[in-house]
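Results of the structural survey
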Amino acid sequence: MPWKECHVEDERLRFVARRLEGEKMAPLCAEFGISRKTGYKIFERYQDCGLQAFTDRSRRPHRQANRLPAAVEATIVRLKREYPSWGAPKIREKLRQCYPGPHLPAISTVHAVLDRHDLVAHRRRRRAAKATGTELSQPLEPNALWCADYKGEFLLGNRRYCYPLTITDFASRYLLTCEALGTTQETFAFTVFERAFRDFGLPQRIRTDNGVPFASAHALYGLSKLAVWWLRLGIQIERIQPGHPQQNGRHERMHLTLKKEATKPAAANVLQQQARFDAFVVRFNQERPHQALGMKVPADVYARSPRVYRGLQELTYPFHDQTIAVTRCGRICFNGRKVNLSHVFAGQNVGVTQVDERIWLVTFMQYDLGYFDDETCRLEPIQNPFGPKVLPMSPE
């Protein structure tokens, strides 16, 4: 049987002791429920380290590849204060004399350190990015804020999962759409939101949680392709704090009613389930009175947004040195070199402008994303320009 979790060291000791007594490796490993590769590894570690071999080794990496040593960062700051007129290239060259070796930081890394310590004169001070969500508004007018989320998935009669994507208007409680989907992939979310925009116009803000497809934990600044599209349309983004669904409480309360009236029991297939959702939308908007609305129905309060959806206009940067399209893999090609940006910006235009000697700034719309130098062409992100409140491209 496999190692007993509460006596791993004792099991390893017994294993090695029996191996030292001359038992063969294959049947011994089979008895202990481990592979021969693991058996040889334990025995060889015992031969190299003795009794220390029976304790678990730390899985922490020996070094963090992208972390700058504290002494080097302190030296960069000290040099900038000693030579305030010097830029990142000169400071890096001076740093070469202090720390000779192959692991010299890139010019863009030096510039990012200076910016982080507010030592770049032309950069305005930015608020730190918040991992706990954005500021949340409490508007009273329809279409000032929409709320969106996926109701928890459930099994249909044909044993396939259904993921209902719902969108409501915050002020009027109007249920804009309830779409039965078979996945949370962003491709299908795009279709649902585009239909809602065509039918009801554009909201000023959209509030979601931090899950897929509304956000992406591994992308630059936590953005997703869906969020980038909203920004292009001039829609502000609000995100609730992780683990605090009550911050989207009105929407979650609607989900409770939806669950009781339209999913118990589940329909046989997605088409029948969508028919139930369509009937629920009509009933919820036009028949069900709400106490918060003075016993009115949402349809009596809601009105279509005056902001008409017309798709996306071409994005240009007349005040930047170059306008560059991001490739499908999330890169920009700059003077024959490739600079990794983020896949969420694929197909979008970004502006590139020189801000210092050999230092370039990448901008999306009016948001500065980060620096890169023409030596390494590696983007060094700056403090999150989208937090704590994500702003639109224009107030229209």
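Residues numbered from 1 in each chain as written. Predicted model: local features only at pLDDT ≥ 70, side-chain atom pairs only at ≥ 80, totals over all residues. Heavy atoms only, no water.

1. Looking at the sheet that holds strand 11 (residues 359-364)
Strands sit in the order 7-10-11-12-13 across an open sheet of five strands; the sheet is antiparallel. Looking at the sheet topology across the chains shown, the edges are occupied by strand 7 (322-325) and strand 13 (380-381). As defined by bridge partners, strand 11 adjoins strand 12 (residues 367-373) across six bridges and the pair is classed as antiparallel. Bridging across to strand 12, Leu 361 finds its partner in Tyr 371. (Pairing = 2+ DSSP bridges. Helix = DSSP H or I, 4+ residues; strand = E, 2+ residues; numbered from the N terminus.)

2. Examining helix 7 (residues 186-200)
With 15 residues, helix 7 ought to run about 21 Å at 1.5 Å a step, and its terminal C-alpha atoms sit 21 Å apart, in line with that. All buried positions along helix 7 are accounted for by Ala 189, Val 192, Phe 193, Ala 196, Phe 197 and Phe 200. Seen along its axis, helix 7 keeps its buried residues to an arc of 135°; they face one direction. Residues of helix 7 that are exposed and point over 90 degrees away from its buried face: Thr 187 and Arg 198. Of the surrounding elements, those touching the buried residues of helix 7 are strand 1 (146-150), strand 3 (161-169), strand 4 (175-181), strand 5 (205-208) and helix 8 (225-232). Two residues or fewer past helix 7, Gly 201 is found with a positive phi of approximately 85°. (Expected span 1.5 Å × (residues − 1). Buried < 20%, exposed > 50% of the residue type's maximum accessible area, 1.4 Å probe, protein only. Arc of directions from axis to C-beta. Contact = heavy atoms within 4.5 Å.)

3. A few points about the environment of Gly 243
Inspection of the secondary structure puts Gly 243 in the loop between strand 6 (236-239) and helix 9 (249-262). Distance in space between the C-alpha atoms of Gly 243 and Asp 209 is 8.9 Å, their sequence separation being 34 residues.

4. Digging into the packing of helix 2 (residues 25-32) against helix 3 (residues 36-49)
Remark: helix 2 packs on helix 3, axes separated minimally by 9 Å, with the N-to-C direction vectors making an angle of 105°. Put simply, helix 2 runs roughly perpendicular to helix 3. Residues Met 25, Ala 26 and Cys 29 of helix 2 pack against Arg 36, Gly 39, Tyr 40 and Phe 43 of helix 3. When grouped by side-chain class, the residues that make up the contact of helix 2 with helix 3 number five nonpolar, one polar and one charged. (Axes fitted to C-alpha atoms, helices over the stretch in contact; angles between N-to-C directions. Parallel < 35°, antiparallel > 145°, perpendicular 65-115°, else oblique. Nonpolar A, V, L, I, M, F, W, Y, C, P; charged D, E, K, R; others polar.)

5. Concerning the side chain of Glu 179
Mapped onto the secondary structure, Glu 179 falls in strand 4. At 3.4 Å, the side chain of Glu 179 and the side chain of Arg 195 are in polar contact. Those residues within four positions of Glu 179 in sequence are excluded, and the remaining contacts are Tyr 163, Pro 164, Leu 165, Val 192, Arg 195 and Gln 274. (Polar contact = N/O pair within 3.5 Å; in protein donor to acceptor, adjacent residues only side chain to side chain.)

6. A look at the packing of aromatic side chains
Inspection of every chain in the model, using the stated rule, returns 19 aromatic pairs. Taken together, Trp 146, Tyr 150, Phe 190, Phe 193, Phe 197, Phe 214, Trp 229, Trp 230 and Tyr 309 form an aromatic cluster joined through their ring pairs. Directly above the aromatic system of Phe 43 lies the positively charged group of Arg 19, at a separation of 5.5 Å from the ring centroid. In this structure, Arg 250 packs its charged tip against the face of Phe 170, placed 3.9 Å from the ring centre. (Phe/Tyr/Trp six-rings, centres within 6.5 Å; stacked < 30°, edge-to-face > 60°. Lys NZ or Arg CZ within 6 Å of the ring centre and 35° of its normal.)

7. A look at the pairing of strand 8 (residues 331-334)
Because side chains alternate across strand 8, one face comprises the buried residues Ile 332 and Phe 334, and the other comprises Arg 331 and Cys 333, none of which is buried. Where strand 8 folds back onto strand 9 (residues 337-340) in an antiparallel hairpin, the turn is made up of two residues, including Asn 335, whose phi is positive at roughly 50°.

8. Here we look at the pairing of strand 5
Where burial is concerned, the two faces of strand 5 agree: the one with Arg 205 and Arg 207 and the one with Ile 206 and Thr 208 are both buried. Both strand 1 and strand 5 contribute to a ladder of two bridges, which runs parallel. Of the residues in strand 5, the one forming a bridge with Trp 146 is Ile 206. Direction of pairing for strand 5 relative to strand 6: parallel, over a ladder of four bridges. Each bridged residue has a counterpart across the sheet, and for Arg 205 the counterpart in strand 6 is Gln 236.

9. Some details on the confidence of the model for the protein chain
Taken as a whole, the protein chain shows an average pLDDT of 84; of its residues, 87% reach a score of 70 or greater. When the criterion is pLDDT under 50, residues 388-396 qualifies, and its contacts beyond four places in sequence or with other chains add up to 27 contacts. (pLDDT = per-residue confidence, 0-100.)

10. Brief notes about the pattern of salt bridges
When their charged atoms lie close together, side chains carrying opposite charge are able to pair. Following the criterion strictly, the structure yields 14 salt bridges and no others. For Glu 23, the salt bridge identified is with Arg 18, shortest N-O distance 2.9 Å. With relative accessibility at 19%, the residue Arg 18 sits in the buried group. A single salt-bridge network, built from bridges that share partners, covers Arg 18, Glu 23 and Glu 31. (Salt bridge = Lys/Arg side-chain N within 4 Å of Asp/Glu carboxyl O.)

11. As for unusual backbone geometry
Residue Val 212 is joined to Pro 213 through a cis peptide bond whose omega torsion reads 5°. Summarising the element assignment, Pro 213 is placed in the loop between strand 5 and helix 8. In this structure, the amide linkage connecting Lys 264 to the following residue, Pro 265, adopts the cis form with an omega of -5°. Inspection of the secondary structure puts Pro 265 in the loop between helix 9 and helix 10 (270-286). Positioned with a positive phi, Asn 143 is a non-glycine residue whose angle comes to about 70°. Following the sequence through the fold, Asn 143 ends up in the loop between helix 6 (107-116) and strand 1. Take Asn 143: its relative accessible area is 5%, and that puts it in the buried class.

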